[in-house]
Amino acid sequence: MSKKIVGIAEAVIIAAIFIVPAGGVLTHRPSTAVVASPETAPVTATNVDGARIAAADSDPGEWLTHGRTYSEQRFSPLAQINTANVKSLGVAWEYRTYSVRGLEATPIVSDGVMFITLPWSKVVALDAASGKELWQFDPKVPGETGRYLCCDVVNRGVALWKGAVFVGTLDGRLIKLDAKTGRVIWSVDTVENRKKVYTITGAPRVADGLVVIGNGGAEYDARGYVSAYDAGNGKLVWRFHIVPGDPSKPQENAALTVALKTWDTTGKYKFWQIGGGGAPWNGMAFDPKLDLLYVGTGNGNPWNRDVRSPKGGDNLYLSSVIALHAKTGQLAWYYQTTPGDTWDFDSTADIVLADLKIGGQVRKVLMHAPKNGFFYVIDRTNGRLISAQKFAIVTWAKGIDMKTGKPIEDPNARYTNKMAVVYPQETGAHNWQPMTFDPQTGLVYIPAMDGAAIFVADRNFIYRPGAWNTGADFAAVSNAVLQLIKSGKPPAPPVGYIKAWDPVAQKEVWQISMGGSWNSGLLSTAGGLVFGGDAYGIFSAYDARSGKKLWSIDLKTGILAPAIAYSIKGTEYIALLAGWGGAGGLSAFRDPNTALSKYQTDQGRLFVFRLGGRQQVAALAPEGIPPGEPPAQTADAATVQKGFDLYHRNCLVCHGFFAQSEGEVPDLRLVPREIWDQYDDIVLGGALADGGMASFGDILSKDDVGAIRAYVLDQAKAAWAAAHATRPAAKGGH
Ligand code: CA
């Protein structure tokens, strides 16, 4: 029975042309490089090491590590493609990934080989000149892992070191592959407690021969930590926990003993039992001269501080930048961007190192623009704040007190006894999509967002292992949004920008609006260009000094990942993964007034551009099969209302507000008829677990599922009625 469901549902729901095997992605598909060059680069040993990464500027054709250099500036010294000729940029070749979930990876290029990662933690090696596929590696992450990812089954890339490729997997493994063959050399389990939710989406970094990897899970019940493994033999060398553990036991290190004093241990729920949070799932940078590794830490878990630390407190080291001695993992210093976080203000955005002239002195700084909307310039030798200003709309704090380095909070921003409307929203003023620092202009380019969030405390919070445990009431929030919509005053949709920011003067130099709010990471180059893409699938090059758009191309799918630049045999290339998804792709709902949704259902592709390339991208074959009329509604209004609440507490994050999904995961209103009869099998029985829809049998009862079905069916009936309403023919219509 379940086999049959998998076949029908995935072929239709995921709207793939083919049946997707376990893991939800293709185990192998032929390469579809459109322009295959006769020359094929040999797969060399990719001899990347610390000295080579540190000397990356004398080797500008390569992109050896996540942010190109240890400083993670994402600035390429290549200038063949420049402001004068970028108008002739076009596609050199493309590689179809056969994935339908978000693509977030930074391609890594070394010695003629490009390494990319795909959804479900798959790795692909390609000839970087021709696009010929050299090998693929599928770690076979169980499909049901998808339930434990807040923000899609994504991966942000690999690390290279001495002939090997390192990748973290969604289910928490760190795997070393032979760069020549993709063969597994070793695999270690980074998860110290399998009863808790831990996932990996971030790219490893290698510092001092240690592979450093963090984790996610602070929307569930994780106690975050960062680990360092010997790149040679895979042995754990050190681990730093972001938040304290059980206070009745000795803490793992002195820094956690200090941190414990900033937590309340007397609440009904003990933070060390239900999480604590701080998951360091993305941003890292390394200064080899100082031997300091900088790590951005995540939000509190549960989000609502009143649950995890009811008497308040800063709750170290949540929402912070921490500096660790790379060889030992001992804390050197910390700077907390959001003390006592209660708004999901991860400080996990990228961390960028530079030497800036400030007040006549060259300062070794660290720049960070986390979700909370402030742009921080910090002395990276000691963690002292140099300056901080708002780079987006921020209401939770009035500013930063330069004496204490702490925010001046607006007392209305906390939601202890009331609803609170707060800028920025949970996805932040800037999320994981990397910014870039251009040393030629001295500017930082930030993919920024303005949007408000509504917070309501969950008065009846009950910790549920394996579920979202935020302490915020999403059903109440969704109800509030619904009332606003009904009253004709829907909340303003979030908007996105590229902001050019002067980090010395701490002010905006220019900004341009982007197509959506959830747009791509950015690249700057010595050609005077900034490259970025948007939610509509438009990839553009801008003049780094003025923001003037100089070139763009429609890639037919929303873009999240940052572009890179590299060169082979004297030709400069720009490479970019395009595939819609991530947090914004999962939970945002369609705007019927725009053409957005049509570009957010396509499958992913890697595009590689060069001067004189093809300037048009063909849409992939249309997919999606119109469903039949939904069955009759038999539930009463009270059941539908119960379903509304349950849906928005349990299903919203993947399937969208009001059961309206953008197509990356199924829009539950548009499923084929037989699915309506299989809710129990799917939601309780796990019939679609292989595709990413795990069983919720541990959280929901049969009655709950009936109510959710009733609510979704109500939405489906409304959608059907709207689609089949008689409309006057449009003039010249089709
Ligand atoms: Ca978070």
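Residues numbered from 1 in each chain as written. Predicted model: local features only at pLDDT ≥ 70, side-chain atom pairs only at ≥ 80, totals over all residues. Heavy atoms only, no water.

Trainee: Help me understand the sheet that holds strand 6 (residues 133-137) in this model?
Mentor: Strands belonging to one sheet form pairs held by backbone hydrogen bonds; the direction of such a pair is parallel or antiparallel. The strand order across the open sheet formed by four strands is 3-4-5-6, and the pairing between neighbours is antiparallel. Here the strands that pair on one side only, and so sit at the sheet edges, are strand 3 (108-110) and strand 6. Taking the axes of each pair of neighbouring strands and ignoring which way they run, one obtains an average angle of 20° across the sheet. Pairing analysis gives four bridges linking strand 5 (residues 122-127) to strand 6, with the strands arranged antiparallel. Residue pairing across strands places leucine 126 opposite glutamate 133, the latter belonging to strand 6. (Pairing = 2+ DSSP bridges. Helix = DSSP H or I, 4+ residues; strand = E, 2+ residues; numbered from the N terminus. Axes fitted to C-alpha atoms, helices over the stretch in contact; angles between N-to-C directions.)

Trainee: What am I meant to see in the environment of glycine 643 here?
Mentor: Here glycine 643 shows up in helix 8 (residues 637-650). Along the chain, glycine 643 and aspartate 704 lie 61 residues apart, while their C-alpha atoms are 7.1 Å from each other. When neighbours within four sequence positions are excluded, glycine 643 is seen to be in contact with Ala707, Ile708 and Tyr711. (Contact = heavy atoms within 4.5 Å.)

Trainee: Help me out: how do you make sense of unusual backbone geometry in this one?
Mentor: Glycine aside, negative phi is the norm for most residues, and most peptide bonds take the trans geometry. The omega torsion across asparagine 301 and proline 302 is -5°, close enough to zero to call that bond cis. Within the secondary structure layout, proline 302 lies in the loop between strand 18 (300-301) and helix 5 (305-308). In this structure, tyrosine 317 follows leucine 316 across a cis peptide bond, with omega equal to 0°. Structurally, the position occupied by tyrosine 317 is in the loop between helix 5 and strand 19 (320-325). Its identity is not glycine, yet aspartate 291 carries a phi of approximately 55°, on the positive side. By the element assignment, aspartate 291 lies in the loop between strand 16 (284-287) and strand 17 (292-296). You can call aspartate 291 buried: its relative accessible area is 14%. With phi around 60°, asparagine 315 is a residue other than glycine that occupies positive phi space. By the element assignment, asparagine 315 lies in the loop between helix 5 and strand 19. A residue is classified by how much of its surface remains accessible, and asparagine 315, at 0% relative accessible area, is buried. (Buried < 20%, exposed > 50% of the residue type's maximum accessible area, 1.4 Å probe, protein only.)

Trainee: Hey, could you run me through the coordination of the calcium ion in this one?
Mentor: Perfect tetrahedral coordination of a metal by four donors corresponds to 109.5 degrees between them, and perfect octahedral coordination by six donors corresponds to 90 or 180 degrees. Around the calcium ion, the protein contributes the donor atoms Glu219 (OE), Asn299 (OD1), Asp344 (OD), Asp346 (OD) and Asp346 (OD), which lie 2.3 to 2.9 Å from the metal centre. Residue class for aspartate 344 comes out buried when judged on its relative accessible area of 5%. (Donors = N, O, S within 2.8 Å, 3.2 Å for Na, K, Ca; no water.)

Trainee: Help me understand the side chain of serine 76, please; the structure alone is not making it clear to me.
Mentor: Along the polypeptide, serine 76 turns up in strand 1 (residues 75-76). For serine 76, the residues in contact, after removing those within four places along its chain, are Pro60, Trp63, Arg68, Leu523, Ser524, Thr525, Ala526 and Ala565.

Trainee: I tried to follow the environment of tyrosine 225 on my own but got confused; where do I start?
Mentor: Mapped onto the elements of the fold, tyrosine 225 is located in strand 13 (residues 225-230). Under the relative-accessibility criterion, tyrosine 225 is labelled buried at 1%. In this structure, the C-alpha to C-alpha distance between tyrosine 225 and glycine 214, residues eleven residues apart in sequence, is 6.1 Å. Not counting chain neighbours up to four residues away, the residues in contact with tyrosine 225 comprise Thr190, Val191, Glu192, Tyr198, Ile213, Gly214, Asn215, Arg239, Phe240, His241, Ile242 and Pro280. Only 2.5 Å separates the side chain of tyrosine 225 from the backbone oxygen of threonine 190, close enough to count as a polar contact. A distance of 2.9 Å separates a polar side-chain atom of tyrosine 225 from the backbone nitrogen of glutamate 192. (Polar contact = N/O pair within 3.5 Å; in protein donor to acceptor, adjacent residues only side chain to side chain.)

Trainee: Would you mind going over the pairing of strand 36 (residues 549-554) with me for this structure?
Mentor: Here is the key point about a regular strand: its side chains alternate between the two faces of the sheet. With five bridges joining them, strand 35 (residues 538-543) and strand 36 adopt antiparallel strand pairing. Bridge pairing links serine 540 to serine 552 in strand 36.

Trainee: What should I look at first to understand helix 6 (residues 474-486) in this one?
Mentor: Count 3.6 residues to each turn of an α-helix, and residues three or four apart come out pointing the same way. For helix 6, built from 13 residues, the straight-helix expectation of 18 Å at 1.5 Å per residue is met to within 8% by its first-to-last C-alpha distance of 18 Å. For helix 6, the full list of buried residues reads Phe474, Ala475, Val477, Ser478, Ala480 and Val481. Its buried side turned inward, helix 6 meets strand 30 (453-455), helix 8 and helix 9 (652-655). The positive-phi residue at the C-terminal boundary of helix 6 is glycine 488, with phi of around 80°. (Expected span 1.5 Å × (residues − 1).)

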